Amino acid sequence: MNTHVSQGQVEAVLVQTPLRRFARAFSQSRLAMLGLVLFTVIALAALFAPLLAPQNPYDLMQLDIMDGRLPPGSRSATGMVYWLGTDDQGRDMLSGILYGLRISLLVGVCSALVAAAIGTTLGLFAAYAGGRIESALMRLVDLQLSFPTILVALMILSFLGKGVFNVILALVIVEWATYARTARASALRERRKEYIEAAICHGASPLRILFGHLLPNCMPPLMVIVTIQVGRAIALEATLSFLGLGVPVTEPSLGLLIANGYQYMLSGKFWISFYPGLALLATVVSINLIGDQLRDVLNPRKRS
Amino acid sequence: MIGWLARRVVQAIFVMLAMTVIVFIGVNVIGNPADILIPPDADQIERARVIAQLGLDKPLWEQYASFLWGVLHGDFGKSFVFGEPALKVILQRMPATLELALVAMVFAVLVGIPLGLYAGLRPNAPGARAVMAISILGFSLPSFWVGLLLIMLFSVQLGWLPTGGRGETREFLGMHWSFLTADGLRHLVLPALNLALFKISLVMRLARAETGEVMPQDYVRTAFAKGLSEGAVIRTHVLRNTLIPVATVVGLEFGSVIAFSVVTETIFAWPGMGKLIIDSIHLLDRPMIVAYLLVIVVLFIVINLVVDLIYASLDPRIRLEN
């Protein structure tokens, strides 16, 4: 720490709220800002897909099988332009992608948040309880993390079967351990600090200490992990759906759209797989860019 | 050392037992094997006969005991699809997967370490920045989509490499290998590259980070101070210390490469274990799924054990006893 701070600098630091300081540090990286903008656009596009999409891809009445596998820029009989072409059922790819983004983001965000809630609670609890409970929980975490996520998710889905809910459940089961480990590590570090001692002296209940004092101070690393895990979950869901184990055909996510185009790729009809993949890539890259910068900004070792 | 190994083996046995319980519950409690195994048009009498034959009318613990007894004798049941013992079918497919994973790992190390070392030694060079940017892309690219693009480019458009399959194989040590024939190698390039992509980024980033940590150390400064050339310092002091964590991660990632080969094998129709499990799940080949899961658990326990041993032999400071 720099102890030779002049009076003016101290005042300048004091008027900054933590949020403002965080925002300024975050916006230092142009790449991260690009990621943030890109992600905002994607999220908005997914949110307002019913308003933006030229066609409802789930409504079979609107699909014309005669328009199947048209290249990008073709026109339908009604004069609508298929900007990104159509798939084998005559579904407008642009509409399919916008709706697919909804499923992908829903699965990614939901699973990451639920896993974060469960994992963090267990991690904090383990750090606070200590002893046998802690070692048993952490053994479980180690065991779970020694198996690749895709394999565990594959096992779970081979028992549960397809479905949006099942995919979220499988992702929660594979992700909670990461949060538990991080939460425990930060909680162990924070526990030794004086404010926790002060809280105990004040007679605060264990619950209050866990969630009122420990949790807020463990948030920075957890936020980084949530961000990165959202991206991972989206990619994993796409992979599982591509393998035919994820979401059902009636609610195609990006991964399933890519899978649908797989067989036509060999005959040169690239657009059915290519554009959903591009959308998936943009989503995951934007999230990773944000996550990378968050890691740098929130890392106490790198904070100046 | 021996005590540590014994403890690890005991631990591994417990993990295995726990896994058999989970797999058993997954198959017999969450899914109903009777629905999977009995044809839907079977009448009541036929149903009852099959249930009795499979022992599904017995209490669960008894079913589990007989399941475990079978597993201990290497009997995972017969595959519905192949009509052969499930374990045998899996072991037949294993060399193809191991070959693919090994070649992918070699790619990752040969490309990742030099690039990472370069980026770590010259962190501000434009080349190093480009390497890092590409590695972010490597992390974000959905590997199955990249696989499709590789086929699209190299097989469909350029026509240089085949779209899938193992090509010609040659027998060596009683197993069939693709890398021993020119045709097999041609088939191997795309899937291995696809599988390696993520790992290249990972090894690259790790090698860079480790180089960055090692360079400011006193022993590096001492080495320079006593007049060693940069090449010699890098070879004998930097690289050696950088390699410890890299080797660990490469070992640990070997398991993940085998897991991800599920995806690559499906795309490139590579006839390994991964494609087998996906096909089995789609065909509801239950004995096959169970056998695969247990085989993969054993494989992972062995890999983790080997990684710990390698780790200890690379860094003598690590005491296995602890």
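Structure report, in brief. In this text, all values refer to a predicted model and were calculated from it rather than measured experimentally. (Residues numbered from 1 in each chain as written. Chains lettered and ligands numbered in written order. Predicted model: local features only at pLDDT ≥ 70, side-chain atom pairs only at ≥ 80, totals over all residues. Heavy atoms only, no water.)

**Focus on the overall build of chain B**
Within chain B, the regular secondary structure consists of 12 helices and 2 strands. The linear arrangement of helices and strands in chain B, starting from the amino end, is α-α-α-α-α-α-α-β-β-α-α-α-α-α. Burial analysis of chain B (322 residues in total) assigns 46% to the buried set. In chain B, the share of contacts with a sequence separation of at least 24, taken over all contacts with a separation of at least 6, comes to 72%. With the model as given, the accessible surface of chain B reaches about 16,100 Å², and the carbon-plus-sulfur share is 67%. (Helix = DSSP H or I, 4+ residues; strand = E, 2+ residues; numbered from the N terminus. Buried < 20%, exposed > 50% of the residue type's maximum accessible area, 1.4 Å probe, protein only. Contact = heavy atoms within 4.5 Å. Areas by Shrake-Rupley, 256 points an atom, 1.4 Å probe, with all protein chains shown as cover.)

**A look at the pattern of salt bridges**
Enumeration over the complete set of coordinates arrives at 10 salt bridges over all chains. In this structure, Glu134 of chain A and Arg184 of chain A form a salt bridge, with 2.7 Å as the shortest nitrogen-oxygen distance. Linking Glu134 of chain A in helix 6 (residues 131-145) with Arg184 of chain A in helix 8 (residues 164-191), this pair joins segments that are 50 residues apart in sequence. Put simply, Lys193 of chain A and Glu190 of chain A hold a salt bridge, and the shortest N to O gap is 3.3 Å. Assessed through its relative accessible area of 40%, Lys193 of chain A is described here as partly exposed. A cluster of three or more residues bridged by salt bridges with shared partners is formed by Asp292 and Arg295 of chain A together with Arg205 of chain B. (Salt bridge = Lys/Arg side-chain N within 4 Å of Asp/Glu carboxyl O.)

**A closer look at helix 5 (residues 86-121) of chain B**
The end-to-end C-alpha distance of helix 5 of chain B is 51 Å, a good match for the 52 Å that 36 residues give at a rise of 1.5 Å each. The largest bend along helix 5 of chain B measures about 35° and falls at Arg93 of chain B, with the proline Pro95 of chain B one to four residues further on. (Expected span 1.5 Å × (residues − 1). Bend = angle between axes of the 7 residues up to and from the residue.)

**Description of the interface of chain B and chain A**
Contact with chain B, which involves 41 residues of that partner, is made by 36 residues of chain A. A buried area of about 3,300 Å², summed over both sides, lies between chain B and chain A, and 83% of it is on carbon and sulfur atoms. Ranking the residues of chain B by area buried against chain A places Phe144, Trp145 and Leu148 of chain B at the top, with a combined share of 19%. For the pair chain B and chain A, the interface holds 1 salt bridge. At the junction of chain B and chain A, the tally comes to 2 residue pairs in polar contact (both at pLDDT 80 or more). Per element, the largest residue contribution to the side of chain B that touches chain A is 8 residues, and it comes from helix 10 (residues 230-267) of chain B. (Buried area = accessible area lost by both parts, 1.4 Å probe. Polar contact = N/O pair within 3.5 Å; in protein donor to acceptor, adjacent residues only side chain to side chain.)

**A short note on the packing of helix 7 (residues 143-157) of chain B against helix 8 (residues 182-214) of chain B**
All names here are of chain B. Relative to each other, helix 7 and helix 8 sit at 145°, their axes nearing to 9 Å. The two elements helix 7 and helix 8 cross, and the hand of that crossing is right-handed. Every residue of helix 8 that contacts helix 7 at Ser143, Val146, Gly147, Leu150, Phe154 and Ser155 is listed here: Leu190, Leu193, Asn194 and Leu197. Its residues assigned to classes, the contact of helix 7 with helix 8 comprises 6 nonpolar, 4 polar and no charged. (Axes fitted to C-alpha atoms, helices over the stretch in contact; angles between N-to-C directions. Left-handed = near helix turned anticlockwise from the far one by under 90°. Nonpolar A, V, L, I, M, F, W, Y, C, P; charged D, E, K, R; others polar.)

**A few points about the environment of Leu289 of chain A**
Topologically, Leu289 of chain A is positioned in helix 12 (residues 271-298). On the accessibility criterion, Leu289 of chain A (10% relative accessible area) is buried. For the pair Leu289 of chain A and Ser253 of chain A, spaced 36 residues apart in sequence, the C-alpha separation works out to 22 Å. In this view, Leu289 of chain A contacts Leu31, Ala32 and Gly35 of chain A together with Ile136 of chain B; residues no more than four positions away in its chain are not counted.

**A word on the packing of helix 5 (residues 93-129) of chain A against helix 12 of chain A**
Residue and element names in this part refer to chain A. It is the contact of helix 5 with helix 12, at a shortest axis distance of 10 Å, that shows an interaxial angle of 40°. Relative to helix 12, helix 5 is oriented oblique. Pair helix 5 / helix 12 crosses with right-handed handedness. In this structure, helix 5 uses Met93, Ile97, Leu101 and Leu105 to contact helix 12, whose residues at the interface are Trp271, Ile272, Tyr275, Pro276, Ala279 and Thr283. When its residues are assigned to classes, the contact of helix 5 with helix 12 shows 9 nonpolar, 1 polar and no charged. (Parallel < 35°, antiparallel > 145°, perpendicular 65-115°, else oblique.)

**Focus on a nonpolar patch on the surface**
Residues and elements named next belong to chain B. A surface patch of nonpolar side chains, amounting to about 520 Å² of accessible area, comprises Leu5, Val9, Val10, Ile13, Phe14 and Leu17. Mapped onto the fold, Leu5 is located in helix 1 (residues 2-30). By relative accessible area, which is 32% here, Leu5 ends up partly exposed. (Patch = residues over 30% accessible without salt bridge, like charges linked within 9 Å, V, L, I, M, F, W, Y side chains within 5 Å.)

**Section: the packing of aromatic side chains**
In this description, a pair of aromatic rings is defined by centroid distance and the angle of the planes. One pass over the full model with this rule turns up 4 aromatic pairs over all chains. Both rings, one in Phe274 of chain A and one in Trp145 of chain B, keep their centres 5.7 Å apart while their planes meet at 35°; by these two values the pair is tilted. Of this pair, Phe274 of chain A sits in helix 12 while Trp145 of chain B sits in helix 7, which puts the two residues in different chains. For Phe274 of chain A, a relative accessible area of 24% puts it in the partly exposed group. Through successive ring pairs, a cluster of aromatic residues spans Phe274 and Tyr275 of chain A together with Trp145 of chain B. Directly above the aromatic system of Tyr99 of chain A lies the positively charged group of Arg102 of chain A, at a separation of 5.8 Å from the ring centroid. Taking the ring centre of Tyr128 of chain A as reference, the NZ or CZ of Arg191 of chain A above it sits at 5.4 Å. (Phe/Tyr/Trp six-rings, centres within 6.5 Å; stacked < 30°, edge-to-face > 60°. Lys NZ or Arg CZ within 6 Å of the ring centre and 35° of its normal.)

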